[in-house]
Structures are given as structure tokens and as C-alpha cells.
Amino acid sequence: QRKLALAIDGTLRVAPGGAVETSGNCAQLRVRQDRFRAPHRFVHPGKAAPGWAHASNLGMVCVLPATDGRPPSHERLSNPGRMMDTNDRATATLHPTPGPLDDARRGDLVYAGELVVFERLEGVKRLREHAERMIRAAFGALPPETAQFALAPEPYLALASDLLAAFERHPETRRLFCAALAETGLDLASTYADRLRLRIVPHGTSHLGGRITTTGAHRDTWGSALPQQTNWWAPVYRTPASRSIAFYPYYWSRPISNTSGSWSFAELKSRHRRHEPYPNIPEPDEPVDDAYESRAVIEPGDLLAFSGAQLHATVPNASGAARFSLETRTVYLPDVLEGRGAPNVDGASSAVMYRWFRHVLSRQPLAEAIAGQPPDTRPRPGGRDTP
């Protein structure tokens, strides 16, 4: 290790050869030397001159390589491991791990608001390659990441929607998905999951529609009311911060006013059948402070796990290329029965969405598994499943 000077509300420059220059009032921080080359990053999207890093009071540093005026292809972050809020309390930690974690250890991390990166998993590599084959077959001779520039919105959306549906139905998708989850250390015998989805986020807004959409800042638990929910996210192609996934760890323990108390999944389905607008997810009804935004950058073949209680969002894509990623959500049944999970700081839903989850192997609905438990081991009262 070596000491780096971190300029609080100042700047830090990584000069040629790795020398570090700082300005502003500096505090000392110990950082592993190889963090500048680590494949996973948290990028704080503050404005900085090319070749310079901005150090915010969150304790995160974003290094933007010098370019010829074009957007940098790979943002770099000197990640001290722990992100700090303005009161100097740790609100999230990036935990890279090259091997599996058992359910108890992973739960300890995720339910505490920390983010876990499983690195270079063979199962994720195979799943990513399967997705890439289907993507390339669907787009034919067109490069998938820039195909929208050769297609009008309507044919692009039709092609992309068919691709997403075909990926979910393909029998190999489920087999590879289970193998990838098992490699992280999940006990599949007690794991329930939502569908594994292929997600496409095009550049800009002209080619959005239907299932090809973006999501603003939200907690998944506003809709599911399941504090045991773990989210999983993996890029198919190399995904820089300019089209990645954003987190707001400042809000992990801070409530934000939202519509979870009035949002209804049943109403969503009803409105969609009538082709009437309705928000796909509960939303904040007060502004989210973008100063606390951090963007996760991991390599293809890595897998990011985080609590559904994390406030997160799709990064608005102005990168000039589409984002292709894989995502799903899981629930570990013993944690549901024991009432172990992430804290609920602002969720107001009365509907617990057990129905969204099925056993990863047998496909048994989670609601059936819970109903089949002895009465004294069922989850504590406080929510109900939506019919």
C-alpha cells in the first residue's frame, strides 16, 4: 500500500508515470496502489478537466483520462473501498470477491447496504456469451451497440422486444442462470428468483418504448416490500460510467418521500391492459440530490449484488452506444422466515410481492413455500401478497 493525498472538495491529478498531485485542503487516505487498474469502479460523475480527478466530500475520486475532446471510453476511479457521507459515516462499501460467499456472509454485507462484486465468474462468462450470441443473431450485420443509428425507432423497438422475449424463453438461459448463481455461493435449494432479464438501454430517448425503457431513482423494495430482496446486475459488453447503473448510498439510511403507499401492481396491470399510463414502479415525489450519485463500473464476466433497498437508477445514456446488461432479483427463503433483511426506512407498501418469485429449480411460487410452513415459522404480519 501507499499513501495518497485526497483533496476534499479539491482536485487530484494522476500524472504520467503514476505520480499524484493534489490541490485544496488535503487529508491522508491509504489506498491500494493497484486500485487505479482495478476493473471495478465507483465513479462520481462530478465535472473535472480531462486528465484530472474530482474528489468530493463523499470520499470518491473519479479520474477522467485526457482525451482529444471525445467522451473518455473508460472512466477510472481510485476507489478507497468505502464511500463516506457528509457526516463521515460509511454508507456503502464495494466488496470485490474472486470466490463464492455463503448466504449468511452475503446477507451480512448486502443487508448492511454494501455492494458485492463477484469477479470473473466462469458461469457469468458463459451466460454473457449466450446472451451475446442471441444479440448478434438478432441484429445480424449491424453492430448491436450502435444499431439504433441505422434503424428507425419502430423497427428497432420491434427487434429489441422480440430479442428480450426470446432470451427469457430460451431453455439455455435458465440453465446458465442457475449455474452462475450457484457459483456465487447461493444455496439454490432455498433460493427464489424473478425472471432473468436482458436489458437494453439505447443512446438518448428516440428509441425508447415498451420494454425498452429507463428507470429513475427508486428502491425495488418500494414495490416488492421484501427487505430480503437481492438484486443482481451484469454488463454484457464493456459498460463505462456514462451508460452504467447509478447508486445513491447517502440515502441508504435516510428516508425520501415516495409513492410506495399509493402505487399498486394490480392497478399497473389493469392500466396496461387498457393502454393507459401508469408508473411501472413507485417513484420519489421529492427531488433526489444528484450530488450523491455514484456509478458502478464492472467488467463483463463480473456480477454485482446489492440490496433491493438501495436507491438506484439507470444512468441516462448519452454515450453514443446502447447498454446491454443482465439483471434479476432473488430472495433467500430462510431470511424471509426469520425476518432478516435490509432496513425499511421509507417504504409504505402494504402488499408483499411474494408472487414475483419462484424457486430457481422447481419453479414453485414463493407464496406457496411460505404458506406451506408451520404457522409459527411464517413471516411476521405486516404485509400481504397481492392477488
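Residues numbered from 1 in each chain as written. Predicted model: local features only at pLDDT ≥ 70, side-chain atom pairs only at ≥ 80, totals over all residues. Heavy atoms only, no water.

## Here we look at the layout of surface pockets
Then step 1. Size it by volume and the largest pocket reaches roughly 1300 Å³.
Then step 2. Asp194, Arg195, Arg197, Ile281 and Arg329 are the residues nearest the centre of the largest pocket, which is lined by 40 residues in total.
Then step 3. Looking at the lining of the largest pocket, the elements with two or more residues in it are β13 (197–201), β14 (230–235), α6 (265–273), β18 (312–314) and β19 (323–332).
Then step 4. Grouping the amino acids of the lining of the largest pocket by side-chain chemistry returns 15 nonpolar, eleven polar and 14 charged. (1 Å grid on protein atoms, 1.4 Å probe; cavity = no way out; pocket = protein on both sides within 12 Å on 5 of 7 lines; lining within 4 Å. Points joined across faces, edges and corners; volume = space filled by probe spheres on them. Helix = DSSP H or I, 4+ residues; strand = E, 2+ residues; numbered from the N terminus. Nonpolar A, V, L, I, M, F, W, Y, C, P; charged D, E, K, R; others polar.)

## A word on empty space enclosed by the protein
Then step 1. Applying the stated criterion to the full structure yields four cavities of 30 Å³ or more.
Then step 2. Estimates place the volume of the largest cavity at around 90 Å³.
Then step 3. The wall of the largest cavity is formed by 13 residues, among which Leu127, Phe177, Leu196, Trp232 and Leu303 lie closest to the centre.
Then step 4. The set of elements that each furnish at least two residues to the lining of the largest cavity consists of α2 (122–139), α4 (171–184), β14 and β19.
Then step 5. The residue inventory of the lining of the largest cavity, partitioned by class, reads eleven nonpolar, one polar and one charged.

## A closer look at the pattern of salt bridges
Then step 1. For the structure on display, the rule yields 21 salt bridges.
Then step 2. Residue Arg243 is joined to Glu145 by a salt bridge in which the shortest nitrogen-to-oxygen separation is 3.6 Å. Here Glu145 lies in the loop between α2 and α3 (153–169) and Arg243 lies in the loop between β14 and β15 (245–247), a separation of 98 residues in the sequence.
Then step 3. We classify Arg243 as buried; its relative accessible area is 10%.
Then step 4. For Arg274, the salt bridge identified is with Glu276, shortest N-O distance 3.1 Å.
Then step 5. What emerges from the salt-bridge pattern is a single network uniting Asp194, Arg197, Asp220 and Arg329. (Salt bridge = Lys/Arg side-chain N within 4 Å of Asp/Glu carboxyl O. Buried < 20%, exposed > 50% of the residue type's maximum accessible area, 1.4 Å probe, protein only.)

## Some remarks on α3
Then step 1. In a regular helix each residue adds 1.5 Å, so 17 residues correspond to 24 Å; α3 covers 24 Å between its end C-alpha atoms and thus fits that length.
Then step 2. For α3, every residue scored as buried is listed here: Tyr156, Leu157, Ala160, Leu163, Leu164 and Phe167. Projected down its long axis, α3 shows its buried positions confined to an angular sector of 130°, all on one face. Those residues of α3 that are exposed and aimed more than 90 degrees away from the buried face are Glu154, Asp162 and Arg169.
Then step 3. For α3, the elements touching its buried residues are α2, α4, β13 and β19. (Expected span 1.5 Å × (residues − 1). Arc of directions from axis to C-beta. Contact = heavy atoms within 4.5 Å.)

## Concerning the confidence of the model for the protein chain
Then step 1. Considering every residue of the protein chain, the mean pLDDT works out to 80; 73% of them sit at 70 or more.
Then step 2. This stretch, residues 1–39, has a pLDDT under 50; its non-local contacts, to residues over four places away or in other chains, come to 83 contacts.
Then step 3. Residue range residues 381–387 is modelled with pLDDT below 50. Its contacts to residues more than four positions away, or to other chains, number 16 contacts. (pLDDT = per-residue confidence, 0-100.)

## Looking at the environment of Ala152
Then step 1. Checked against the element boundaries, Ala152 lands in the loop between α2 and α3.
Then step 2. Taking relative accessible area as the criterion, Ala152 reaches 44% and is therefore assigned partly exposed.
Then step 3. The spatial distance from the C-alpha of Ala152 to the C-alpha of His207 is 7.9 Å, given a sequence separation of 55 residues.

## Section: helix α1 (residues 103–110)
Then step 1. Here α1 has its buried residues at Asp103, Arg106, Gly107, Leu109 and Val110. Buried positions in α1, seen along its axis, are confined to an arc of 160° and lie on one side of it.
Then step 2. The N-cap of α1, judged by a side-chain oxygen 3.2 Å from the amide nitrogen of Ala104 a few residues on, is Asp102. (Polar contact = N/O pair within 3.5 Å; in protein donor to acceptor, adjacent residues only side chain to side chain.)

## Considering unusual backbone geometry
Trans is the prevailing form of peptide bonds, just as negative phi is the prevailing case for residues other than glycine.
Then step 1. One non-glycine residue, Arg120, lies in positive phi territory at about 50°.
Then step 2. Relative to the assigned elements, Arg120 resides in the loop between β11 (115–118) and α2.
Then step 3. The class for Arg120 is exposed, based on a relative accessible area of 60%.
Then step 4. One non-glycine residue with positive phi stands out, namely Ala225, at about 55°.
Then step 5. Of note, Ala225 is situated in the loop between α5 (221–224) and β14.

## Some details on the pairing of strand β16 (residues 294–297)
Then step 1. In β16, alternate side chains face the same way, and those of Ser294 and Ala296 on one face and Arg295 and Val297 on the other are all buried.
Then step 2. Here three bridges tie β15 to β16, and the two strands are oriented antiparallel to one another. Looking across to β16, one finds that Ile245 is bridged to Ala296. (Pairing = 2+ DSSP bridges.)

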